[in-house]
Amino acid sequence: MRTPVLTALSSQAPMDEINVCGWVRTKRDAKAFSFLELNDGSCLRGIQVVVDTGTPGSEALPEMTTGASVEVKGRLVASQGKEQAWEIQATWVGLLGTAGETYPLQKKGHSLEFLREIAHLRPRSNLFGAVFRVRSRMAYAVHTFFQERGFFNIHTPMITASDCEGAGEMFRVTTLPPGSAAKPETDFFGKPAFLTVSGQLEAETMACALGKVYTFGPTFRAENSNTSRHAAEFWMIEPEQAFCDLSGNMDLAEAQLKHQVTDALTHCAEDLAFFSKYVDRELLERLRFVAERPFERISYTEAVKLLEASGHSFEYPVKYGLNLQSEHERWLTEKHFQCPVIVYNYPKEIKPFYMRQNDDGTTVAAMDVLVPGIGEIIGGSQREERPERLSAAMAHHGLSEADYWWYADLRKFGTVPHAGYGMGFERLLMFVTGVGNIRDVIPFARTPGHAEF
RNA sequence: UCCGGAGUAGCUCAGCGGCAGAGCGGGUGGCUGUUAACCAUUAGGUCGUAGGUUCGAUCCCUACCUCCGGAGCCA
């Protein structure tokens, strides 16, 4: 039976028999033996295999080049070398698949741009192996965080006919032939359909029945965004709580972010150490800081005052009623507070219709969580639960109440205060790994003009 | 989509109005309980594409394509 490299490397004692499979990272030949370094993805490190000349199967050694897949049987023994505690003294080696001269991954470093072109092979590199192990762990931690707090995981539709959730351009879903002038009524769903940009509205309905729910799945935006922080297909976590206000929402967001970071520090220590060494030297320090310290919370109004008084010259104007720009958000979180910041109570004009209007009549109970290096990682709000206020807001935003009859029904039948937020999973991963481009924290990125693989 | 930068060997890059370069990777030979080993040797190029200027363009100019960074939109 195959032993993962991770298990072999963490062994407490020698083993008389061990079977390891993996891909060759590097081979160092001597006259009487060869060193093979095998990595099987179970952890960052590979295991060193010593193959003496004459070992059964060793005649295939010339073909066991970087990238080749190999199976090894032998003994796990203490290594004579300084770099590792354990190594395998092979008693049999088998070549599973050759890699040849055209194998694109070298033993030396590659640029991230080049690796994106070989997205099917890049997880075999140290960096991407680490990124995708952390991605898996962070997905797991999303579920443990919410499940342990009594949230139910709900599955909202990926195909939706709500054509205006206020979150951006949507991808059309249709079975009509390209260029067809046929009416939407004749299409598959009998009306225009799209890929979802958010499960929030559906999540609200579930929260108003199950109490505390969360979604965790793919979402789609057809925006022509060409930045390191946007993808056309990305994963979003959207918790929604009934009987909850904005303050409780902020508490949850802060607790979740801290949980994710703490979990990564605890369970992905080796991979994080790698990022810290090769990607972002201040990563560990920043993560520990975030895990321990309370987040700053300031109102939009206070934020504008701070920015106006900063003496810093911004490219875009700072003025009450205008959206905070990236440079403003970065100044707040990176320069002024130097920690995550939650900005809340935004002017209603710059926020979507579903956010709850505050008593001041000018702001809504919205919040954005800003983190250093990424900017906005979470956006959320308390939802408008008062029917007449919701109607007014929809009219103000030019939305047809008929299209949202079921959403309005929630306010008609046993309405409750409720709140929730959306967290971009890839942005979380960028924050946790220090990787600066969203294309490098998702296995196969979908961005404008790119759907290869 | 807008602004800026960059496209030269498989990869990472240097170069220059006048014979196309290095390191790494690949091949070959050697050496060593090695550590992204080391030493020697060798192959490898339509200098992004198309025009233009020039005696001569990889180099200067224009357009286009692609990638990167920043911005907008947002998560």
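Cut-offs applied
- Per chain, residues are indexed from 1 in the order of the written sequence.
- To label them, take the chains in the order written and letter them from A, then take the ligands in the order written and number them from 1.
- In keeping with the predicted nature of the model, local features appear solely for residues at pLDDT of at least 70, side-chain atom pairs appear and are counted solely at 80 or more, and the whole-chain, interface and lining totals rest on all residues.
- Side-chain metrics rest on all non-hydrogen atoms present in the structure, leaving aside hydrogens and water.
- Whether two strands pair depends on DSSP finding at least two bridges between them.
- Numbering of helices and strands runs from the N terminus; a helix is a DSSP stretch of H or I covering at least four residues, while a strand is a stretch of E covering at least two.
- We call a residue near a molecule or strand when any one of its heavy atoms sits within 4 Å of it.
- Each polar contact in these results corresponds to two N or O atoms within 3.5 Å; when the atoms are within protein, one needs to be able to donate a hydrogen and the other to accept it, and residues that are neighboring in sequence are counted only if both atoms are side-chain atoms.
- Every case where a carboxyl oxygen of Asp or Glu lies within 4 Å of a side-chain nitrogen of Lys or Arg is listed as a salt bridge.
- The rule is simple: take the accessible area with a 1.4 Å probe, protein chains only, and divide by the maximum for that residue type; under 20% is buried, over 50% is exposed, in between is partly exposed.
- Candidate patch residues must exceed 30% relative accessible area and have no salt bridge, after which like charges are joined if within 9 Å and Val, Leu, Ile, Met, Phe, Trp or Tyr side chains if within 5 Å.
- Per-residue and other accessible areas follow the Shrake-Rupley method at a 1.4 Å probe size, with only the shown protein chains counted as cover for residues.
- Residue contacts are defined here by distance: any two heavy atoms, one from each residue, within 4.5 Å place the two residues in contact.
- Whenever a helix is involved, its axis is fitted only over the stretch in contact; in every case the axis is a line through C-alpha atoms, and angles between N-to-C directions fall within 0 to 180 degrees.
- Note that the term roughly parallel is reserved for angles under 35 degrees, roughly antiparallel for angles over 145, roughly perpendicular for angles of 65 to 115, and oblique for everything else.
- Crossing handedness: left-handed means the near helix sits turned counterclockwise from the far one by under a right angle, and right-handed means the same turn made clockwise.
- Residue polarity follows a fixed list, in which Ala, Val, Leu, Ile, Met, Phe, Trp, Tyr, Cys and Pro are nonpolar, Asp, Glu, Lys and Arg are charged, and the others, Gly among them, are polar.

## Considering the sheet that holds strand β7 (residues 159–160)
Here comes step 1: Across the sheet, which stays open at both edges, the three strands sit in the order β7-β9-β8 with antiparallel pairing between neighbours. Taken across any chain shown, the strands that pair with only one partner, and hence form the sheet edges, are β7 and β8 (172–173).
Here comes step 2: Across two bridges, the pairing between β7 and strand β9 (residues 193–195) is antiparallel. Directly across from T160, in β9, lies its bridge partner F194.

## Let's talk about the protein's contact with RNA strand B
Here comes step 1: Lining the immediate environment of RNA strand B, one finds 53 residues, of which D29, K107, T227, R427 and H450 sit closest.
Here comes step 2: A distance of 2.4 Å separates a base nitrogen of RNA strand B from a polar atom in the side chain of E87.
Here comes step 3: Between RNA strand B and the protein, one listed contact pairs a phosphate oxygen with a side-chain N or O atom of N437 at 3.2 Å.
Here comes step 4: Listed by contribution, the elements that provide at least two residues to the surface near RNA strand B are β1 (15–29), β2 (33–39), β3 (47–52), α2 (112–117), β11 (233–242), α9 (326–336), β15 (375–382) and β16 (418–424).
Here comes step 5: Among the elements that line the surface near RNA strand B, the one with the most residues is β15, at four residues.

## Re the pattern of salt bridges
Here comes step 1: A complete count under the given rule lists 19 salt bridges for this structure.
Here comes step 2: Salt-bridge contacts for R2 lead to D40; the nearest nitrogen and oxygen are separated by 3.3 Å. Of the two residues, R2 sits in the segment before α1 (5–9) while D40 sits in the loop between β2 and β3, which places them 38 residues apart along the sequence.
Here comes step 3: R2 gets classed as partly exposed once you look at its relative accessible area, which sits at 42%.
Here comes step 4: R386 serves as the salt-bridge partner of E384, at 2.7 Å between the closest nitrogen and oxygen. Note on accessibility: E384 and R386 belong to one class, buried.
Here comes step 5: What you see here is one network of salt bridges that share partners, running through E204, E240, R383 and R411.

## Focus on a nonpolar patch on the surface
Here comes step 1: A surface patch of nonpolar side chains, amounting to about 410 Å² of accessible area, comprises M158, I159, F188 and F189.
Here comes step 2: Looking at the element boundaries, F189 is found in the loop between β8 and β9.

## Let's talk about unusual backbone geometry
Here comes step 1: One non-glycine residue with positive phi stands out, namely F243, at about 60°.
Here comes step 2: With respect to the helices and strands, the residue F243 is situated in the loop between β11 and α5 (246–267).
Here comes step 3: Taking the relative accessible area as the measure of exposure, F243 reaches 67% and is therefore exposed.
Here comes step 4: Despite not being glycine, Q338 has its phi angle at roughly 55°, a positive value.
Here comes step 5: As for its placement among the helices and strands, Q338 is situated in the loop between α9 and β13 (341–347).
Here comes step 6: When its relative accessible area of 53% is taken as the criterion, Q338 is described as exposed.

## Some words on the sheet that holds β15
Here comes step 1: Spatially, eight strands are ordered β6-β10-β11-β16-β15-β14-β13-β12 in an open sheet, and the strand pairing comes out mixed. Either end of the sheet is taken by a strand with one partner, and the two such strands are β6 (152–153) and β12 (296–299).
Here comes step 2: Against the sheet, α9 makes contact with β12, β13, β14 (363–371) and β15, and its axis sits at roughly 60° relative to β14, the strand it touches most.
Here comes step 3: Taken strand by strand, helix α12 (residues 425–433) contacts β10 (212–220), β11, β14, β15 and β16, and its axis lies near 60° from that of β16.

## With respect to the packing of helix α4 (residues 200–210) against helix α11 (residues 405–412)
Working note: a packed helix pair is described by the angle between its axes plus the distance between those axes.
Here comes step 1: Closest axis-to-axis distance for the α4/α11 pair is 10 Å, and the angle between their directions is 30°. Judged by the inter-axis angle, α4 sits roughly parallel to α11. In terms of crossing hand, the pair formed by α4 and α11 is left-handed. Here α4 contributes Q200, L201, E202, E204, T205 and C208 to the contact with α11, which in turn contributes W406, Y407, L410 and R411.
Here comes step 2: Considering only residue class, the contact of α4 with α11 consists of five nonpolar, two polar and three charged.

## Thoughts on α9
Here comes step 1: Among the residues of α9, those classed as buried are H328, E329, W331, L332 and T333.
Here comes step 2: Taken together, the buried residues of α9 touch β12, α8 (300–309), β13, β14 and β15.
Here comes step 3: Downstream of α9 by a residue or two, Q338 has a phi angle that is positive, lying close to 55°.

Don't take any of this as a statement about function, it's just geometry.
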